[in-house]
Amino acid sequence: MAPSKKRNVNSRNTSENVSKAAKLDLEGVVDRILESRKHANDIFDVLESLQSEKERDVVSAVDACCRLFSTLLERKELFVGKLPAEDEALSGESSAEDKCRIFMRHRYNACVEILLEHLNHEQFAVKESALCCLMKFAAGQGQHPLEDLEWSEHHSFPRGIILAVVENLTSKTTDNTLLISRFQEFLEMDDVRYYVMSALRESVGKVMEKKKGTLLPVYQNNVFTLMSSISMPSQQSELTNFMVKLEAMTRSLSIQNHKRAFEKMWLGFLKYKLPSNMYKKLLVILHDSILPHMSKPALMIDFLTAAYEVGGAISLLALNGLFVLIHQHNLDYPDFYKKLYNLLEPTVFHVKYRARFFHLANLFLSSSHLPLYLVAAFTKRLARLALTAPPTGLLIVLPFIYNLIRRHPSCRVLLHKPSTEDEPVEDPYLMDEEDPARCRALESSLWEIKTLQKHYHPDVAKAAMMINTPLSEQEEDISELLELTTYELMERDLKKPQDKKSIPLEFETATQLLKGGGDVLAHHFCLVSDE
């Protein structure tokens, strides 16, 4: 075993030495090329290493290319303008200097194509190096454009590189979540963010139209990950970080232009069918990270309406966005409360977004101008659902019901419903009726809360006992109860101070049951033998 281990170490050291030697050699090649044009053909050695099968060699070659072409861009030694065919240019009557610039420009284009291919490499280190190198090229082209500018104040952002990078990040076959997280550093630059949003809008429109709107889970997930990584500024004064630091560039990218690009990007993405799991991810961030940064948030009404009609957890999450549009942008949504009423199902106590739902429901039902029949319908439905709800849900629902009654004193009729105790009474409330105006809630009573006074959990029983006394005018704060979990409830019960008084278990205390040879055990065995 020992010799084998020694060989492995030696082979590893040899591999490391070869990699170091290759890196030093590439650095020497770059130095020679930058020193004199007569070594220009040595660039083929660098490009060959760039296509090596070894990860370390590729990373070293990427670093070498990055230093070489960044320096050539700064020196303006790459051909500027419409690039002629290489064979014709090199055999023509151009000067030696122009021929060298054309030659190096063709090599630069070849390098960019290889780096774009490396964004889909198997090894993340290669992907990361290629991405950083491409963005450095973009910064160099921004400062030293490779296109002829028509007038001196005109700016030319390297949209071609940004569009190509975006197309590779939003792969149709590979999940690029990790690489996109690395790209997020560049999205903090205001001009990069703007042109990435424009590139995403173009890419989504082209790809989804070609596929005729069919689901592309991997592609749509990459697009969503990249779009949700964009952090928008809220004021013009925040636009200070630019990759291309030109005065003309900073003047053209206003906060309004940013908002319009952001809005078009999201609307273009949302008009196509999305995977169901993506609906949830999107609706979680919609009200906080998307709507505030749109120039016309009301344009999202179609998407939110469709999501609200889906049902289940998606409808619960759509409430947040609708709340923003209704309260901040005066949106008129017909039958909103009817839909909200129908979202109250037994599953609402078990979904992940329970706290968010009850928080929003509390806000929507906080108005004192709601009709009596509507508040009574919500109160009765919650009381009926409470019969099968877990303790954590009941500790939310009961104060919720009491608050509704406090806001609308006319609903106290549900607490004081005279009836004949000797005769069975059928509840007139129609649980299966979808229209709260027809469910006959005002004809019923909250007998469910009376039933919960016998609940096995003492906190629930205590909360249900509150209807036996007049309710105070002060509403209860349910915010602390919304996030209550079963584990926290059990921990709270275990930490309660124990009663110091002895708890009687039997009328007569057993004294000799477990003592050897006791009369009780002897009497027991005698009874068994007699049987």
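Residues numbered from 1 in each chain as written. Predicted model: local features only at pLDDT ≥ 70, side-chain atom pairs only at ≥ 80, totals over all residues. Heavy atoms only, no water.

Colleague: Quick question: what am I supposed to make of the side chain of R354 here?
Modeller: In this fold, R354 is placed in helix α17 (residues 354–364). Within the structure, the side chain of R354 is placed 3.3 Å from the side chain of T392, a separation counted as a polar contact. With near-sequence residues (within four places) excluded, R354 lies in contact with V348, F349, T392, G393, I396, L482 and L484. (Helix = DSSP H or I, 4+ residues; strand = E, 2+ residues; numbered from the N terminus. Polar contact = N/O pair within 3.5 Å; in protein donor to acceptor, adjacent residues only side chain to side chain. Contact = heavy atoms within 4.5 Å.)

Colleague: For this particular structure, what's the right way to read the nonpolar core?
Modeller: Side chains that are nonpolar tend, in soluble globular proteins, to be buried together. One finds F69, M104, F183, W266, F269 and F358 to be the most contacted residues of the largest nonpolar core, which totals 162 residues. Looking at this core, the element that brings in the most residues is helix α3 (residues 55–75), giving 11 residues. Ignoring sequence-local partners within four residues, the contact set of W266 consists of F224, M227, S228, L282 and I290. (Core = buried A, V, L, I, M, F, W, Y, C linked by side-chain atoms within 4.5 Å. Buried < 20%, exposed > 50% of the residue type's maximum accessible area, 1.4 Å probe, protein only.)

Colleague: Please explain the environment of V126 as it appears in this structure.
Modeller: Structurally, the position occupied by V126 is in helix α6 (residues 124–143). Sequence separation of V126 and V59 is 67 residues, and the distance between their C-alpha atoms is 5.8 Å. Apart from residues no more than four positions distant in its own chain, V126 is found in contact with E55, V58, V59, H118 and H121.

Colleague: Please clarify how the environment of F79 should be interpreted in this entry.
Modeller: When you line up the elements, F79 lands in the loop between α3 and α4 (86–91). Residues F79 and C100, spaced 21 residues apart in sequence, show a C-alpha to C-alpha distance of 8.5 Å. Apart from residues no more than four positions distant in its own chain, F79 is found in contact with P84, R101, I102, R105 and L146.

Colleague: Can you help me understand the packing of helix α8 (residues 177–187) against helix α10 (residues 217–228) in this one?
Modeller: Between two packed helices, both the angle of their axes relative to each other and the distance between the axes serve to describe the pair. Here α8 crosses α10 at 30 degrees, and the two axes come no closer than 9 Å. The angle between α8 and α10 places the two elements in the roughly parallel class. Our pair here, α8 against α10, has a crossing hand that is right-handed. Residues T177, I180, F183 and L187 of α8 touch α10, and the partners they reach there are N221, N222, T225 and L226. A class-by-class count of the residues in the contact of α8 with α10 yields 4 nonpolar, 4 polar and no charged. (Axes fitted to C-alpha atoms, helices over the stretch in contact; angles between N-to-C directions. Parallel < 35°, antiparallel > 145°, perpendicular 65-115°, else oblique. Left-handed = near helix turned anticlockwise from the far one by under 90°. Nonpolar A, V, L, I, M, F, W, Y, C, P; charged D, E, K, R; others polar.)

Colleague: Sorry if this is basic, but what is going on with helix α7 (residues 159–169) here?
Modeller: Side chains of residues three or four places apart in an α-helix project in the same direction, reflecting 3.6 residues per turn. Those residues of α7 that fall on the buried side of the exposure criterion are I161, I162, A164, V165, V166, N168 and L169. The inward-facing, buried residues of α7 contact α5 (96–118), α6, α8, α9 (190–210) and α10.

Colleague: Where do I start with the confidence of the model for the chain in this structure?
Modeller: A low pLDDT score tells you not to read the predicted coordinates there in detail. Summary statistics for the chain give a mean pLDDT of 83 and a share of 85% for residues scoring 70 or more. Across residues 520–531, where pLDDT falls below 50, the model places 3 contacts with residues more than four positions away in sequence or in other chains. (pLDDT = per-residue confidence, 0-100.)

Colleague: Help me out: how do you make sense of the packing of α6 against α8 in this one?
Modeller: Remark: α6 packs on α8, axes separated minimally by 10 Å, with the N-to-C direction vectors making an angle of 25 degrees. The pairing of α6 with α8 is recorded here as roughly parallel in orientation. α6 and α8 meet at a crossing whose hand is right-handed. On the side of α6, the interface is formed by F124, K127, E128, L131, C132 and M135, while α8 contributes L178, L179, R182, F183 and F186.

Colleague: For this particular structure, what's the right way to read the pattern of salt bridges?
Modeller: Think of it this way: side chains of opposite charge can pair up when their charged atoms draw near. Enumeration according to the criterion identifies 18 salt bridges in this entry. Of the charged contacts in the structure, one is a salt bridge between D31 and R67, with a shortest N-O distance of 3.1 Å. Of this pair, D31 sits in helix α1 (residues 2–35) while R67 sits in helix α3, and the two are 36 residues apart along the sequence. Look at D31 and you get partly exposed, because its relative accessible area is 41%. In this structure, D42 and R32 form a salt bridge, with 3.6 Å as the shortest nitrogen-oxygen distance. With D42 in the loop between α1 and α2 (43–50) and R32 in helix α1, this pair connects stretches of sequence that are 10 residues apart. (Salt bridge = Lys/Arg side-chain N within 4 Å of Asp/Glu carboxyl O.)

Colleague: I would appreciate a short explanation of the UniProt feature "transmembrane region" (unreviewed entry) in the chain in the present structure.
Modeller: Within the UniProt annotation, "transmembrane region" (unreviewed entry) is assigned to residues 303–326, 357–378 and 385–405. The span residues 303–326 is 96% helical and 0% strand by assignment, and the distance between its end C-alpha atoms comes to 14 Å. Helix makes up 76% of residues 385–405 and strand 0%, and the two end C-alpha atoms of the span are 17 Å apart. (UniProt positions renumbered as here; feature names shortened; annotations may be inferred.)

Colleague: How do you make sense of the packing of aromatic side chains when you look at a structure like this?
Modeller: For any pair of aromatic rings, the description consists of the separation of the ring centres together with the inter-plane angle of the planes. All told, the structure shown has 19 aromatic pairs when counted by the stated rule. Note on F224 and W266: the rings are 6.3 Å apart at their centroids and 75 degrees apart in plane angle, and the pair reads as edge-to-face. Taken as a pair, F224 in helix α10 and W266 in helix α12 (residues 255–270) lie far apart in primary sequence, 42 residues in all. Judged by its relative accessible area of 6%, F224 is buried. On the basis of relative accessibility, which here comes to 1%, the residue W266 falls in the buried class. Arranged with centres 6.4 Å apart and planes meeting at 70 degrees, the rings of F262 and W266 form a pair that is edge-to-face. Within this pair, F262 and its partner W266 are both found in helix α12, separated by 4 residues, close to a single helical turn. Feature note: the residues Y308, F323, F336, Y337 and F364 constitute an aromatic cluster, connected by ring pairs. Its end group placed over the ring of F103, R107 keeps NZ or CZ at 4.8 Å from the ring centre. A cation sits over an aromatic face here: R381 above Y341, 4.7 Å from the ring centre. (Phe/Tyr/Trp six-rings, centres within 6.5 Å; stacked < 30°, edge-to-face > 60°. Lys NZ or Arg CZ within 6 Å of the ring centre and 35° of its normal.)

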